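Structural overview for review
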Amino acid sequence: MKENIERIRSEIAAGIEAVKGGTRQELFELKMKYLGKTGEISALSKGMRDVPAEERPAMGKLVSEVRAWAEEQFSATEELLKQKELEARYKSERVDVTMPARFAETGTLHPVSIVKKEIIECFAGLGFEIYEGPEIEKDYYNFQALNIPADHPARDMQDTFFITGEYLLRSQTSSGQIRVMENKKPPIKVLSPGRVYRSDSDATHSPMFHQMEGLVVDKGITLCDLKGLLDEFARRMFTSETKTRLRPSYFPFTEPSVEVDLSCHNCGGKGCRICKGTGWIEILGAGVVNRRVLENCGIDPDVYTGFAFGMGLERIAMIKYGVNDMRYLFENDVRLLKQFKD
Ligand code: DAH
């Protein structure tokens, strides 16, 4: 029996040495082999029956010593393996708080949207309401009510996409003026943004572009009010030094009609590449609302007067951001768009 105990002891010692590089499950299986109910050390206890009575106390002592020793070995190794597993887990789950965070790509507003937002904020602050008319429009609203009858040569100013004889893709947001005046009596202060369409395509024209229309109708409104409003707009939208200049022009729906220039924000009026040496940049068309247009909308032109203006948003964006080809604004190349994070 003694040899048996020594054999068990050295087997356990070797087994434990081997399992130190293994798992707790392997250690458990080893433990069961010796200390389990049917394990070898338990078998030793049962075998005591066959030991002669005079050897029993000494032998019993040896058996309980080996049991205590084995239990001690197993629990110490268990502790060791636990510690190892924990270390491995800490290692694998370690968070490096100094690593740069992963950022989600965020979108940006398109420069035309930015300009649209800024213009709306500017005019909303001056008491304007926003009206958005339909893009598929009747010839009546796009032309006739604006004093452009069917045979009027001014129709050639805008190469229009007709859908049927009566319906077209609106070529100007001026159509919104009529829709507003038909439904609202003065005082009117409306801003009307939207897409417009013309059969035109080159570095400064696109078949679809955006306009912003403005309309003010009340008693005693004059061209001076228009000039004052546009000066304020120019200062807010560009720089506090920016000035406006009115030049005579022609639009069937305004009389008199003007074209409005801004003093060049780049050179301050001295003349540069951006203003083509003139010191001025054309930004919009405007004028005093033609009597006929007011009449067409049931507004008495002897009581009320008004002014209107219309500008291209792409043009404003190009001027503001120094973009020299309008097509850049429609290609949606992210390298360009990313520059407009606000
Ligand atoms: N609708 C004109 C265009 O597209 C711009 C314009 C000029 C609008 C004069 C107006 C205006 O309201 O009064 O070219």
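Below is a short write-up of the structure. Model, not experiment: these values are computed from the prediction. (Residues numbered from 1 in each chain as written. Predicted model: local features only at pLDDT ≥ 70, side-chain atom pairs only at ≥ 80, totals over all residues. Heavy atoms only, no water.)

**As for the sheet that holds strand β5 (residues 208–218)**
Within the open sheet, the 7 strands sit side by side as β1-β4-β5-β9-β8-β7-β6. Their pairing is mixed. Here the strands that pair on one side only, and so sit at the sheet edges, are β1 (129–130) and β6 (244–251). Sheet strands touched by helix α5 (residues 111–124): β1, β4 (188–197), β5 and β9 (305–312). Its angle to β4, the strand with the most contacts, is close to 170 degrees. (Pairing = 2+ DSSP bridges. Helix = DSSP H or I, 4+ residues; strand = E, 2+ residues; numbered from the N terminus. Contact = heavy atoms within 4.5 Å. Axes fitted to C-alpha atoms, helices over the stretch in contact; angles between N-to-C directions.)

**Quick notes on the site of the ligand**
Around the ligand, the structure places 16 residues, and the nearest of them are Gln172, Ser174, Arg198, Gln211 and Glu213. At 2.7 Å from a nitrogen atom of the ligand is found a side-chain nitrogen or oxygen belonging to Gln172. Note that a nitrogen atom of the ligand is positioned 2.9 Å from one of the side-chain N or O atoms of Ser174. Against a free-state accessible area of 360 Å², the protein chains account for coverage of 92% of the ligand. Mapped by element, the contributors of at least two residues to the shell around the ligand are β5, β8 (280–289) and β9. In terms of residue class, the shell around the ligand is built from 5 nonpolar, 9 polar and 2 charged. (Near = heavy atom within 4 Å. Polar contact = N/O pair within 3.5 Å; in protein donor to acceptor, adjacent residues only side chain to side chain. Areas by Shrake-Rupley, 256 points an atom, 1.4 Å probe, with all protein chains shown as cover. Nonpolar A, V, L, I, M, F, W, Y, C, P; charged D, E, K, R; others polar.)

**Some thoughts on the environment of Ser75**
Mapping Ser75 onto the fold places it in helix α4 (residues 56–92). Taking relative accessible area as the criterion, Ser75 reaches 45% and is therefore assigned partly exposed. Linking Ser75 and Leu27, residues 48 residues apart in sequence, is a C-alpha distance of 9.7 Å. Among the polar contacts made by the side chain of Ser75, one reaches the main-chain carbonyl oxygen of Glu72 at a distance of 3.4 Å. (Buried < 20%, exposed > 50% of the residue type's maximum accessible area, 1.4 Å probe, protein only.)

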